[in-house]
Every structure is written in structure tokens, then in C-alpha cells.
Amino acid sequence: MGDALKKLGEAELEIMQVIWSCERPVNSNYILKELQERRKWQLSTLMTSLARLAEKGFVHCDRSTGSNLYTAVISEDSYKTGASKSFLEKLYNNSIQNMIATLYSNKAIERSDVKELREFLDEMEAEHADRGEEE
């Protein structure tokens, strides 16, 4: 999955977000309609991207109904986890600390964001402790 992950372009990610947001398989017209605000695509352009996503193993196309129905093969969470790890490795030497320090020192995040992050981490740790989970 590592290699396929890196090749998900911006437009492909937008398509995946539409598919992920649906509880059931969707057809290409639905995807096209959902993307029309951001992308002025013809159906053929979308079909090309969907074929590429299927090739990469991101979506499954069910043709049994006579209408192509698309479902995600890779969950949004597992994609985000992989993409985040890859991003951290490439840009911040695999260190969340380096990332936060860079953002903070360049004023991309405020002191209030850091406070919010600290509270969030404390809550997460408390939750794990309540469940008796260890690092």
C-alpha cells in the first residue's frame, strides 16, 4: 500500500473523499455532481480517474448491476494514517515534535492551538489509562 499511497493526487483525493463520505456504493454521476463545485469535469475525465483509482487498488468497481458502482477498498483512516506517516518522514525526519516546533516558530499555529493540543493529548492519555492500556 505504501507506493500506491504516495501516488494519490489532489483530484483523486477529492474523488476518494466523496466515496468515503457515502455509506453505500456510489455511481459516477453522483461523484461528478458532488465535485461540480470544485471541478468542471466531463464524465469521461472522471471515468479516467476512477479507472486509475481502481488500478491502484483504492476503489472497487461493481459492474454487476449494469451501472458501475464504486466502493472504497482502503478506508479513510488507514489512508490518512499512511499519508501522515509519509508526510512526517519526508518533511520532519519522522518527528511530530519537529513539525509542531516548525509550525509554532513560523506562527502557523498559535499559543491557543498548542494549549488545545496539550489538553487533547492529556485526554487521550487519561482514556488509555482508564482502559488499562499501556504504551
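Computed from a predicted structure; not experimentally measured.

Novice: How would you sum up the overall build of the protein? Please name residues and give values.
Specialist: In terms of regular secondary structure, the protein is built from 7 helices and 3 strands. Taking 2.2 N^0.38 as the reference for a compact globule, 135 residues should give roughly 14 Å; the C-alpha atoms of the protein span a radius of gyration of 19 Å, well beyond that estimate. Taken over 135 residues, the protein has a buried fraction of 26%. Sequence separation of at least 24 residues holds for 46% of the intrachain contacts in the protein that already meet a minimum separation of 6. Computed over 18 positive and 24 negative side-chain charges, the separation of the two mean positions in the protein equals 9 Å.

Novice: So, the sheet that holds strand S3 (residues 69-72): which residues are in play, and what are the values?
Specialist: Taken together, the 3 strands give an open sheet; going across it, the order is S1-S3-S2, and neighbouring strands pair in antiparallel fashion. The open sheet has two free edges, formed respectively by strand S1 (26-27) and strand S2 (59-62), since each of these has just one partner strand.

Novice: Tell me about the pairing of S2, and please be specific about residues and values.
Specialist: Along S2, the buried face is formed by Val59 and Cys61; none of His60 and Asp62, which line the opposite face, is buried. Both S2 and S3 contribute to a ladder of 4 bridges, which runs antiparallel. Bridging from a neighbouring strand, Val59 pairs with Ala72 of S3. Between the antiparallel neighbours S2 and S3 lie 6 residues, among them Gly66 with a positive phi of about 90°.

Novice: With reference to specific residues and values, describe the environment of Gln42.
Specialist: If you trace the backbone, Gln42 turns up in the loop between helix H3 (28-35) and helix H4 (43-55). For the pair Gln42 and Val59, spaced 17 residues apart in the sequence, the C-alpha separation amounts to 20 Å.

Novice: Give me the nonpolar core: which residues, what numbers.
Specialist: Ranked by internal contacts, the top residues of the largest apolar core, which has 22 residues, are Ile15, Ile19, Ile31 and Leu46. Only helix H2 (10-20), H3, H4 and S2 provide two or more residues apiece to this core.

Conventions used here
Residues numbered from 1 in each chain as written. Predicted model: local features only at pLDDT ≥ 70, side-chain atom pairs only at ≥ 80, totals over all residues. Heavy atoms only, no water. Helix = DSSP H or I, 4+ residues; strand = E, 2+ residues; numbered from the N terminus. Rg over C-alpha atoms; globule rule 2.2 N^0.38 Å. Buried < 20%, exposed > 50% of the residue type's maximum accessible area, 1.4 Å probe, protein only. Contact = heavy atoms within 4.5 Å. Lys, Arg positive; Asp, Glu negative; His and termini not counted. Charge placed at Lys NZ, Arg CZ, Asp CG, Glu CD. Pairing = 2+ DSSP bridges. Core = buried A, V, L, I, M, F, W, Y, C linked by side-chain atoms within 4.5 Å.

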